[in-house]
Amino acid sequence: MTQVSSSPAASPLLRSRVMAQSSKFNPPGTSAAFVRRAAITERVERAAAARLVLVRAPAGFGKTTALRQIHEQLSAEGIATAWITVDSADNDVPRFLNCLAEAVARLQIEDDAGSTADAETLALLERDGPPFALFLDEFETVQSPAVIGLVREVIERLPRNGRLVIGSRSLPDVGVGRLRVRGQLVEIGVDVLRFSVEETAEFLRLRSVPPLAPDVLELLHARTEGWIAALLLAAMALDSHAAAGEFIQRLSGSGGAIAEYLAEDVLGRQPSEVREFLLRTSILRQLNGTLCQALVPRTDCARMLEQLNASSLFLLPVESEGPEHNYRYHALFATFLRTQLQREHPDELLRLHLTASAWYESVGRPVPAIDHAIEGGDHPHALGLLEQHAQRFVEQGRMRLLARWFAAIPREQMSLHPHMQAIEVWAVLFTQGASDGMPLLAASGIEASEDPTIRAHVNALRPLLLAMLDRYDEANEIGRAGLARLPTAVPFADTVLTNCMAHVTSVLGEKREAQRLLDVARQTQGSSVFNRMYTESTEGLLDIERGRFRQATARFRLAVDSTTRESDYSHTGGNAWAGVLYASAMYEADELDAVDRLLNVYLPLAREVGLPDHMISSYAMRSRLLFWRGDVDGALRVLTELETLGHLRKLPRVVATAKLERARMLMRQGNSYGAKEELDRADDKAVWERVARQRLPAHDVLDIGIARLRWDILFGDASAALHRIEQDLPAVDAEARVRRSRKLRVLKAMALWKTRQFDAAADVMRDILLEGSREGFVRLVVDEGPAVAGAIQAVLAPLKAAPEKSDPILIDYAQRLLDVLGPDALAVETAQAAATGEVPWQVEPLTQKELQVLKLLAEGYSNSAMSEKLFVSDSTVRTHLRNINMKLGAQNRTQAVSLARRYGLIR
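Residues numbered from 1 in each chain as written. Predicted model: local features only at pLDDT ≥ 70, side-chain atom pairs only at ≥ 80, totals over all residues. Heavy atoms only, no water.

Our next topic: the sheet that holds strand 2 (residues 80–85). Taken in spatial order, the 5 strands of this open sheet run 2-3-4-1-5, and their pairing is parallel. Strands with a single pairing partner mark the edges of an open sheet, and in this sheet they are strand 2 and strand 5 (185–188). Direction aside, the axes of adjacent strands within the sheet are offset by 15 degrees on average. Of the strand pairs in this sheet, strand 2 and strand 3 (residues 132–137) are connected by 6 bridges, and their pairing is parallel. From the neighbouring strand, Thr85 faces strand 3, where its bridge partner is Asp137. (Pairing = 2+ DSSP bridges. Helix = DSSP H or I, 4+ residues; strand = E, 2+ residues; numbered from the N terminus. Axes fitted to C-alpha atoms, helices over the stretch in contact; angles between N-to-C directions.)

Encoded structure:
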């Protein structure tokens with residue numbers, strides 16, 4: 001049973017993990033000038049069934065305050081709530097998932113299965129239970145399509161009692177149009193957020209501003225146009241202006257100009273001590289008394305923070321772990337203060353950032369220490385700190401953090417730190433890919449270094465870069481020479497090289513050597529999270545090829561969870577390696593919802609890093625998922641994107657595989673001519689000769705040979721295909737390529753069934769089902785579609801007829817495969833037997849619209865996809881389908897398509 005509690009408390013372990021950024025997970029502190037907005041309350045009450053509440057307006061219109069009001073409103077109604085203040089760092093998918101996991105923990109949504117993987121956080125948000133609301137403030141800082149896609153996925157899958165509340169300056173690309181049409185959206189924009197004259201008066205009263213004459217109040221409202229930020233700053237200025245009318249009369253210009261004018265006016269009227277404190281502490285993301293004291297030593301900073309907080313003019317309190325209070329500046333005001341600091345005290349910036357860096361360094365927080373050193377322009381100091389901590393960050397897999405820092409440091413400074421140049425190659429390799437990492441290594445000059453530490457890094461990086469560039473033969477030659485140099489001065493690099501060569505030798509067919517190297521890697525990996533992930537992932541690939549599906553799945557899960565538990569981020573750049581593999585295991589097990597969530601996380605990472613096998617696998621899975629669910633256009637778009645990426649990155653194997661997958665889709669649609677044409681386009685001889693020679697993970701059951709066998713069985717000479725399969729199987733079995741052998745035997749059963757050798761087909765299929773019932777693979781069989789249904793049924797029928805003598809696990813497994821194929825799968829044979837090859841006289845002609853529906857149905861479109869394609873409602877599509885079945889004498893969708901093809905109504 002799913003449980004939801006309104007208590008925000010998370011487990012002690014989880015709370016300690018995120019406490020450093022706990023201010024992200026709490027609404028800002030209540031301001032004295034909190035005007036209750038009746039219009040906001042009414043809108044939220046009127047649309048209780050909405051999935052999304054979107055508060056959207058430019059800066060300074062009180063979006064956060066509106067969210068806080070909604071938060072209090074829902075909490076008062078007993079609805080569980082969780083809050084995330086998004087920032088630019090959350091454009092990193094792994095970091096965003098970590099924040100989402102913390103929010104879910106605060107909602108206390110529990111999973112009966114006890115799952116701990118952060119990638120399954122999305123699954124917890126889907127579960128039915130007591131009502132809850134998740135708040136995402138400052139969402140405009142999110143620009144990453146991958147993160148936006150995750151949020152869109154959350155909204156789409158929210159349960160009946162779930163709600164997302166977003167505050168943003170811009171319109172987020174989260175499917176707002178669709179939600180609006182469905183009546184699942186509450187929009188609160190500038191028209192609602194802008195203060196009325198009455199609300200302006202109330203706001204000023206709460207700010208203790210003396211009452212203004214009605215005409216002056218009207219003028220102030222007109223000049224500010226109800227913009228709350230301008231009113232806030234105006235109220236601060238009015239405190240010291242005797243002639244309020246004259247001051248307001250001078251206000252002019254647009255919102256941004258007004259804000260700057262008022263801010264300067266307010267800042268200029270502050271006591272010098274307050275003014276200097278504000279300017280010098282504006283560089284900080286969070287403020288506390290001790291940290292501020294280091295920056296402004298002549299001021300009692302604890303007292304100053306209390307004074308500013310009491311006035312509610314500048315500061316917002318944030319949650320803190322220790323006894324000391326923490327605060328942050330309002331974003332608009334902080335931006336202005338930093339601009340003023342740069343203008344008035346340009347020489348102070350370096351000292352202030354260095355002081356902040358030194359303070360963070362003294363309390364053992366290297367990340368903000370390095371941040372401030374870089375922001376202050378003291379790159380030598382930043383590199384000095386990196387020299388101390390970078391190796392540890394690499395071993396933890398914190399590649400994105402390192403890449404961000406190195407990108408901000410000038411090349412001439414990096415050239416003075418060859419150790420950091422080596423670390424930078426690691427970071428770039430696993431965030432931007434080998435295509436960027438290889439030229440970076442060449443340009444750095446560190447390949448010629450005699451330093452033993454640098455040579456150790458280069459020794460591992462060279463073959464790893466080549467392998468990730470799909471150049472396995474070269475990687476093997478250089479990597480073997482590198483293995484001969486072990487051990488080196490860097491155990492982490494030694495273990496990476498060992499893992500890399502285990503993968504390379506596996507691809508080249510040397511399975512025993514690969515296993516030996518993996519055993520060595522386990523002995524030397526130490527505490528490195530990255531290497532633990534790498535070892536488990538590589539051995540899992542060996543297990544997959546050998547047919548040990550359950551064992552491979554366990555390894556991939558362990559690899560994914562290794563960094564989840566021990567890194568600061570849930571999914572590091574390196575962990576994308578394991579993530580795609582785990583998604584492929586879930587796909588094989590037919591856990592399609594889990595695959596969807598995993599691909600939302602890992603497909604963008606695979607695309608960024610550019611690993612060919614991972615790109616192929618993730619895009620193929622995404623395309624098949626979309627096709628299986630009836631979104632044919634979406635499936636084609638995914639394959640087009642994969643093909644384009646292959647061209648851009650000069651990866652012919654990726655290009656050819658995208659075409660191969662497109663041919664497979666056309667076969668499933670029954671388009672024999674189109675599939676044949678696409679197969680011919682995919683037949684790049686150099687690519688497939690290499691695939692036949694090597695054991696590339698993405699191509700164990702996905703290559704031109706298997707694709708042409710499939711086409712011949714479905715549309716061509718099934719007997720010839722059967723002959724080729726029987727010729728190929730002995731060699732495949734001799735090489736212990738169990739998974740490929742199983743796929744060939746599935747095709748063999750299809751060919752036997754097509755040539756009406758029903759008993760032989762059932763015998764072959766029975767062996768496959770026995771293996772599948774033990775190992776749990778599903779998609780290896782059902783991805784072939786209805787063509788396997790007859791042979792499965794031929795095995796299942798006698799088992800069900802004598803259940804007392806049959807294996808119940810085998811019966812359940814075979815029935816599960818038929819259930820996955822769908823109730824229409826077995827109707828194909830019936831329809832083909834009933835068809836006469838010509839349209840009988842009694843078939844009533846179909847209308848033009850019915851022919852359109854029939855054609856889309858044959859291409860695999862779902863009802864909802866057809867309704868969008870034809871611009872009609874779902875009920876209209878259902879009516880057309882009923883008419884089609886009646887006119888053709890069909891019992892279901894599959895039979896209607898089969899009869900229509902026999903009658904020549906569609907191709």
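Structurally, Ser773 is set in helix 41 (residues 758–775). Sequence-distant contacts of Ser773, defined by excluding residues within four places in its chain, comprise Arg550, Ile809, Leu810 and Tyr813. (Contact = heavy atoms within 4.5 Å.)

Taking burial as the measure, the 7 residues of strand 4 (residues 162–168) include 7 buried ones, the bulk of the element. Side chains of strand 4 alternate between two faces, with Gly162, Leu164, Ile166 and Ser168 and Arg163, Val165 and Gly167 buried alike. Examined bridge by bridge, strand 1 (residues 52–56) and strand 4 share 5 bridges and lie parallel to one another. Looking at the pairing, Leu52 lines up with Leu164 of strand 4. Of the strand pairs in this sheet, strand 3 and strand 4 are connected by 5 bridges, and their pairing is parallel. Bridging from a neighbouring strand, Phe135 pairs with Val165 of strand 4. Following the backbone out of strand 3, through helix 6 (residues 145–157) and into the adjacent parallel strand 4, one traces a crossover that is right-handed. (Buried < 20%, exposed > 50% of the residue type's maximum accessible area, 1.4 Å probe, protein only. Right-handed = clockwise from strand over helix to strand, strands pointing away.)

Here we take up the confidence of the model for the protein. Per-residue pLDDT for the protein averages 84, and the proportion of residues at 70 or more is 85%. Counted against residues more than four places away or in other chains, residues 112–119, with its pLDDT under 50, gives 18 contacts. (pLDDT = per-residue confidence, 0-100.)

What follows is about the pairing of strand 3. Of all 6 residues in strand 3, 6 are buried; the element is thus mostly enclosed. Alternating positions in strand 3 separate into two faces, Phe132, Leu134 and Leu136 on one and Ala133, Phe135 and Asp137 on the other, with burial throughout.

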